[in-house]
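# Structural description and commentary
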Amino acid sequence: MSFTEQMITIGMAVLGTALTRFLPFLFFPPGKPAPKYIQYLGKVLPSAVFGLLVVYCLKNVSVFSGSHGMPELISIGVVVGLHLWKRQMLLSVAGGTICYMLLVQLAF
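This write-up is about the structure you can find in this document. (Residues numbered from 1 in each chain as written. Predicted model: local features only at pLDDT ≥ 70, side-chain atom pairs only at ≥ 80, totals over all residues. Heavy atoms only, no water.)

### Quick word on unusual backbone geometry
What you tend to see is this: most non-glycine residues have negative phi, and most peptide bonds are trans. Even without being glycine, His-68 reaches a positive phi, approximately 60°. Here His-68 is to be found in the loop between helix H2 (36-58) and helix H3 (70-86). Since its relative accessible area comes to 44%, His-68 is described here as partly exposed. Even without a glycine there, the phi angle at Arg-87 is positive, about 60°. In this structure, Arg-87 sits in the loop between H3 and helix H4 (89-107). Residue classification places Arg-87 among the exposed residues on the basis of a relative accessible area of 58%. (Helix = DSSP H or I, 4+ residues; strand = E, 2+ residues; numbered from the N terminus. Buried < 20%, exposed > 50% of the residue type's maximum accessible area, 1.4 Å probe, protein only.)

Written as structure tokens, this is what we have:
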């Protein structure tokens, strides 16, 4: 990529990021309630994204070879346990990821 192309790419990334940060405040001002469909999406999308993440992470796991999916199964248990204990999605995902990486690097 030439220098000009690099600057255009960086500029577009900055513009895209800024637009996704500021447009919601323009479309949904603070004093006015959000439409019902936006409220609905705010309730269902986090769970849908989490479900999609689980499917994506487990799509290539084979229970008939290698570690038989044990690191994944243990890490899922850690995620569920942390979420039931603390009810914080970021902690649950981070804890499961750390557990998985430690298991893969040290145990399996």
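### Here's the deal with the packing of H3 against H4
The geometry of H3 relative to H4 is characterised by a closest axis approach of 8 Å and an angle of 155° between their N-to-C directions. By the angle between their axes, H3 is roughly antiparallel relative to H4. Remark: the crossing between H3 and H4 carries right-handed chirality. Residues Pro-71, Glu-72, Ile-74, Ser-75, Val-78, Val-79, Leu-82, His-83 and Lys-86 of H3 lie in contact with H4, whose contacting residues are Met-89, Leu-91, Ser-92, Gly-95, Gly-96, Cys-99, Tyr-100, Leu-103 and Val-104. Residues of the contact of H3 with H4, tallied by class, amount to 11 nonpolar, five polar and two charged. (Axes fitted to C-alpha atoms, helices over the stretch in contact; angles between N-to-C directions. Parallel < 35°, antiparallel > 145°, perpendicular 65-115°, else oblique. Left-handed = near helix turned anticlockwise from the far one by under 90°. Contact = heavy atoms within 4.5 Å. Nonpolar A, V, L, I, M, F, W, Y, C, P; charged D, E, K, R; others polar.)

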